[in-house]
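Residue-level listing of the chains:
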Amino acid sequence: MSSHANAELIQRFYSAFQQLDADTMAGCYAEDVRFSDPVFVDLRGTEAGDMWRMLCSRAEDFSLTFDSVHADDHAGSARWVASYRFSATGRQVVNNIQARFVFRDGLIVEHRDHFDLWRWTRQALGGKGLLLGWAPPVQAAIRRQAARGLAQFRGTR
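Cut-off values and rules
- Sequence order as written defines residue numbering, which begins from 1 separately in each chain.
- Only residues with pLDDT of 70 or above have their local features reported here, since the model is predicted, and side-chain atom pairs are shown and tallied only from 80 upward, although totals for entire chains, interfaces and linings are computed over all residues.
- The basis for every side-chain value is the complete set of heavy atoms in the structure, and neither hydrogens nor water enter the calculation.
- Strand pairing follows a simple DSSP-based rule, namely that at least 2 bridges must link the two strands.
- Here a strand is any run of E in DSSP of at least two residues, a helix any run of H or I of at least four, and the numbering for each starts at the N terminus.
- Put simply, a nonpolar core is a bunch of buried Ala, Val, Leu, Ile, Met, Phe, Trp, Tyr and Cys residues held in one set by side-chain atoms that sit within 4.5 Å of each other.
- In this scheme, a residue with accessible area under 20% of its type's maximum is buried, one over 50% is exposed, and one in between is partly exposed, where area comes from a 1.4 Å probe on protein chains only.
- It only takes one pair of heavy atoms within 4.5 Å for two residues to be counted as in contact.
- In summary, the pairing rule links any two rings of Phe, Tyr or Trp, Trp by its six-membered ring, whose centres are within 6.5 Å, and it sorts them by plane angle into stacked for under 30 degrees, edge-to-face for over 60 and tilted for everything else.
- Consider the ring centre and the ring normal. A charge sits over the ring if Lys NZ or Arg CZ is within 6 Å of that centre and within 35 degrees of that normal.

(A) View of the pairing of strand 3 (residues 63–71). With seven bridges joining them, strand 3 and strand 4 (residues 75–86) adopt antiparallel strand pairing. Looking across to strand 4, one finds that Thr65 is bridged to Val81. The antiparallel hairpin formed by strand 3 and strand 4 contains three residues in its connecting segment.

Set out below in structure tokens:
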């Protein structure tokens, strides 16, 4: 039994991520891709590939596993777990993520990652994340900081 071409696309994406190969990851995306997760809320086009380039270039003590890859002609999903050292605090993070994809012409046109942002803040920020990571203003600040970091990264490329 052969897997669907879009399932192979998801596998190629995450296999590249395991190698921190952001250019291959970006190559799995359509030019007009839309990416969203709890931190990077609405990236479009080259912003999405550049986010992966930034994250891969800064990865410390990184490992990734993925499974539960499913896809058909139009949509797909996967579960992945990233383990890494959060550079801002030096704390180890293990993030469990559920990904959903929409495909067009053999490429990913929509990619949405879902994870518990409060759980992430507790790991990445320690006590501050535990006490305040659930609060919308703190989560908004995390999003703003991530957007600034991506804008700065894109400006230096």
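After that view of the structure, there is still more to cover.
(B) Local environment of the nonpolar core. With 45 residues, the main nonpolar core has Tyr14, Phe17, Phe40, Trp52, Trp80, Ile108 and Trp120 as its most contacted residues. Looking at which element gives the most residues to this core, the answer is helix 1 (residues 5–18), with seven residues. Those residues in contact with Trp80, other than ones at most four positions away along the chain, are Tyr14, Phe17, Trp52, Leu64, Thr65, Phe66, Asn95, Asn96, Ile97, Ala99 and Asp113.

(C) How the structure looks around the packing of aromatic side chains. Tallying each qualifying case throughout the model produces 14 aromatic pairs. Ring geometry for Phe35 and Trp52: centres 5.5 Å apart, planes at 80°, overall edge-to-face. With Phe35 in strand 1 (residues 29–36) and Trp52 in helix 3 (residues 46–58), this pair connects stretches of sequence that are 17 residues apart. Here Phe35 and Trp52 have matching classes, each one buried. An angle of 80° between the planes, with centres 5.1 Å apart, marks the rings of Phe86 and Trp120 as edge-to-face. One end of the pair, Phe86, is in strand 4; the other, Trp120, is in helix 4 (residues 117–125), and 34 residues separate them in sequence. Residue classification places Phe86 among the buried residues on the basis of a relative accessible area of 19%. Three or more aromatic residues joined by ring pairs form one cluster here, namely Phe13, Tyr14, Phe17, Tyr29, Phe35, Trp52, Phe62, Phe66, Trp80, Phe101 and Phe103. Of note, Arg122 hangs over the ring of Trp118, and the distance from its end group to the ring centre comes to 4.7 Å.

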